[in-house]
Amino acid sequence: AHGGASAIYGADAMAGVVNIILKKDYRGAEVGASYGVSQRGDAEQQRQYASFGEQTPGGGSVFVSVDRFIRNPLIGSQRSWATLDQRSNGGADGRYRSGYGLGYAYWVIPNKGCEDEDELTNPRFGTDCRLDLPRYVSLQPGIDSNALYTYFRQPFGDNKEFYADLRATRVRLDVQTAPFNAVVSLPSSHPDSFYGLGLNYWFADVGPIRSRTTTTTRDFTVGIKGFRDRWDWDVSLAQRRNKVENRITGLISQPAVEEAVGAKTLHFNKADTNSPEVLERISPLTTLGGEMVLDTLSGSIEGPLTELPGGELSLAAGFEARREVLTNRPDDAFLNGDVALAQQFDLRRASRNTSAIYAEVNVPLHETLWMDAAWRLDRSSGYGNQVSPMFGLRWQPVKALILRASAGEGYRAPTLAELRRPITMGDNKAYLPAVDAPLPCAVPAGDYCEIDVTSRINEKLRPETSTSRNFGVVWTPSEEVTLSLDRYRIRRRSEILPIEPVAYPKLFADALVSDEYGYLVGAQRYLGNYGS
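The rules behind each value
- Residues numbered from 1 in each chain as written.
- Predicted model: local features only at pLDDT ≥ 70, side-chain atom pairs only at ≥ 80, totals over all residues.
- Heavy atoms only, no water.
- Helix = DSSP H or I, 4+ residues; strand = E, 2+ residues; numbered from the N terminus.
- Buried < 20%, exposed > 50% of the residue type's maximum accessible area, 1.4 Å probe, protein only.
- Contact = heavy atoms within 4.5 Å.
- Areas by Shrake-Rupley, 256 points an atom, 1.4 Å probe, with all protein chains shown as cover.
- Core = buried A, V, L, I, M, F, W, Y, C linked by side-chain atoms within 4.5 Å.
- Phe/Tyr/Trp six-rings, centres within 6.5 Å; stacked < 30°, edge-to-face > 60°.
- Polar contact = N/O pair within 3.5 Å; in protein donor to acceptor, adjacent residues only side chain to side chain.
- Patch = residues over 30% accessible without salt bridge, like charges linked within 9 Å, V, L, I, M, F, W, Y side chains within 5 Å.
- Salt bridge = Lys/Arg side-chain N within 4 Å of Asp/Glu carboxyl O.
- Lys, Arg positive; Asp, Glu negative; His and termini not counted.
- Charge placed at Lys NZ, Arg CZ, Asp CG, Glu CD.
- Pairing = 2+ DSSP bridges.
- pLDDT = per-residue confidence, 0-100.
- Arc of directions from axis to C-beta.

### Here's the deal with the overall build of the protein chain
On a plain count of helices and strands, the protein chain comes out with three helices and 30 strands. Per-residue burial for the protein chain yields a buried fraction of 40% across its 532 residues. Partitioning the contacts of the protein chain with sequence separation of at least 6, the portion at a separation of at least 24 is 66%. As displayed, the protein chain has an accessible area near 29100 Å², and 54% of this comes from carbon and sulfur atoms.

### Quick word on the nonpolar core
Counting 29 residues, the largest nonpolar core has F180, L186, L266, F268, I282 and F334 as its most contacted members. Among the secondary structure elements, those contributing two or more residues to this core are β13 (181-184), β14 (199-202), α1 (254-263), α2 (276-282) and α3 (332-335). Top contributing element to this core by residue count: α1, with four residues. Within the second largest apolar cluster, ten residues are counted, among which are A430, L432, A437 and V453.

### Some points on the packing of aromatic side chains
Counting across every chain of the model gives seven aromatic pairs. Relative to F203, the ring of Y201 has its centre 4.9 Å away and its plane inclined at 90 degrees; by these criteria the two rings are edge-to-face. Since its relative accessible area comes to 1%, Y201 is described here as buried. Taking the centre distance of 4.9 Å and the plane angle of 80 degrees together, the rings of Y201 and F268 count as edge-to-face. With Y201 in strand β14 and F268 in the loop between α1 and α2, this residue pair connects regions lying 67 residues apart in the sequence. There is no split in this pair, since Y201 and F268 are both buried. Among the aromatic residues, those joined into a cluster by ring pairs are F180, Y201, F203 and F268.

### Considerations on the side chain of S138
Mapped onto the elements, S138 comes out in strand β10 (residues 138-140). S138 sits in the buried class, given a relative accessible area of 15%. Of note is the side chain of S138, whose polar atom sits 2.8 Å from the backbone nitrogen of Q176. Those residues in contact with S138, other than ones at most four positions away along the chain, are L74, I75, D174, V175 and Q176.

### Things to note about unusual backbone geometry
Peptide bonds are, in most cases, trans, and in most cases residues other than glycine have a negative phi. The backbone of N159 sits at a positive phi, close to 65 degrees, despite the residue not being glycine. Inspection of the secondary structure assignment puts N159 in the loop between β11 (142-156) and β12 (160-179). Here N159 falls in the partly exposed class, since its relative accessible area comes to 41%. For K264, which is not glycine, the phi torsion reads 60 degrees and is therefore positive.

### With respect to a positive patch on the surface
A cluster of basic side chains, namely R469, R487, R489, R491 and R493, defines a positive patch on the protein surface. It is strand β27 (residues 481-493) that contributes the most residues to the positive patch, four residues altogether. You can see R493 is positioned in strand β27.

### Structural notes on the sheet that holds β13
Here we have three strands laid out as an open sheet, ordered β6-β14-β13, and antiparallel in their pairing. Looking at strand neighbours, the two that pair on one side only are β6 (99-100) and β13, the edges of this open sheet. Note: β6 against β14, two bridges, orientation antiparallel. Looking at β14, one finds that Y100 is bridged to L199.

### Structural notes on a nonpolar patch on the surface
On the surface, F156, F162, V222, I224, V235, L237, L297, F319, I357, W375 and V387 cluster together to form a nonpolar patch covering roughly 850 Å² of accessible area. Mapped by element, the contributors of at least two residues to the nonpolar patch are β15 (208-228) and β16 (231-249). Mapped onto the elements, F156 comes out in strand β11.

### Considering the side chain of D144
Residue position: D144 is located in strand β11. D144 sits in the buried class, given a relative accessible area of 13%. At 3.1 Å, the side chain of D144 and the side chain of R68 are in polar contact.

### Quick word on the environment of L416
Following the sequence through the fold, L416 ends up in the loop between β22 (401-412) and β23 (429-433). Placed 64 residues apart in sequence, L416 and R352 show a C-alpha to C-alpha distance of 7.8 Å. Discounting residues that sit within four places of it in the chain, L416 has contacts with M292, E324, V325, L326, R348, A350, S351 and R352.

### Considerations on the pattern of salt bridges
Tallied over the entire structure, the rule returns 26 salt bridges. A salt bridge links K225 to E161, with the shortest nitrogen-to-oxygen separation between them at 3.9 Å. Pair noted here: K225 is in strand β15 and E161 is in strand β12, with a separation of 64 residues, a long-range link. Residues joined by salt bridges that share partners form a network here, namely R68, D144, R172, D174 and R212.

### Topic: the confidence of the model for the protein chain
Taken as a whole, the protein chain shows an average pLDDT of 87; of its residues, 89% reach a score of 70 or greater. The low-confidence segment residues 1-8 (pLDDT under 50) makes 32 contacts with residues lying over four places distant or belonging to another chain. Note on residues 115-127: pLDDT is under 50 here. Beyond four places in sequence and across chains, it has 26 contacts.

### Description of α1
Taken residue by residue, α1 has A256, V257, A260 and V261 as its buried positions. Down the axis of α1, the buried side of the element spans an arc of 135 degrees, and every buried residue falls inside it. Residues of α1 that are exposed and point over 90 degrees away from its buried face: E258, E259 and G262. Looking at the packing, one finds that the buried side of α1 touches α2. Of the residues one or two after α1, K264 is the one with positive phi, at around 60 degrees.

### Looking at the environment of N353
Take N353: it is sitting in strand β19 (residues 348-366). A C-alpha to C-alpha distance of 6.3 Å links N353 and S380, two positions 27 residues apart in sequence. With near-sequence residues (within four places) excluded, N353 lies in contact with R322, R323, R379, S380 and S381. A polar contact of 3.0 Å, which involves the side chain of N353, links it to the side chain of R323.

As structure tokens, then:
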């Protein structure tokens, strides 16, 4: 469907609609398998699939298919080009340098698990040890996917049919990145302290940060459809349930590290070995989980209204009612903000009810001129009512030439996921050029202002809107040749995008945080409406 704001397909169709028709009334069976491997003998992938379809007594049909796909992960260490050391290519060595903050930082206490010895050494401080982050990063995540699809339809009574379908998938995704690295502050009483300087350190004994995400989806629909005279109708009930569990190893518990440093049970030198008990305390298994459930009741009717001189006036109308429920379930480490360099997550359960009614008419104004008009009313909890109209014309002055034009409006309310705190991972420190800071700096750092970066929920987030215009020409000089030219202009307003106050402090001054004395101490990321 060309253009946005289709009344039938919903206000979320901001730029048009694509229909995907799955197999129906399929008879027979199919079994297949495939295997692939890179020319280097790694990154293997394999797939097995089977499908079966048959007619049922009374003119119905049933179809079942299963699919299994496995792909082995590919890590940076398996490819020589995945490195920050580009000296062999005439570039620089950009690997993470471990050591104390002493100007050109040499490694003072050699890091346990140092992957190589750089040619730069210092007779007093020992080996200059570096971490090559890309060597640990997943170039290709590991995937284990299982999928089931089944469809059933059965006619009954006079001109009626029952139908149902089920889609169930379970996808496991394995991703890893480099070991956790950060600046560690050691008290002067710690045996590995060096004149109170900050220590650039990476937790080699903990190992890479590994994430296993398991996504389970269940989507089913049951409905009844039929026709009477020349009118078609359809009523259905559907549920989509999406559950995600993310298990992460290799993250660091900041309170546990501080406790172990104070007790001097956590060592940062190569000579002393950290016990498995200490490593388990400072890097426990962490989990993030969530679930989205969407229940939908919908109905539609379509058919001719009356006969006009130019042809038949037809109508399509319908309704839908939806309930969304979103649940976030982070573990205590994320709830309490204990994970180093990670944001504090929220335990949250949110729900929303939405509904819509729509109608679309096709009016033959003349034997060569047709008009389409559509109207849709959406109602969303917290955002009131919104009308999305659409209007189109189609003119065929001669058999081989068609001119068409349309105009419409679109609307998309924020999703429940967008109404929560944005996820941010990594260092929560940022350095803002002092000349761009609208407030005096609480922590000056040369020409920069050091600030803490956090995130928050935007309670004032508004819906996105859009307008679309389309003009097209279709020329069919023969049955074998068709030429078409279309021009679209789709404009979206109040787009929902991440606000980055560090990059644009003057544009998003309301996202900056000051202390009780008016000095700049932080910035908050959030989702906001801006741009067109």
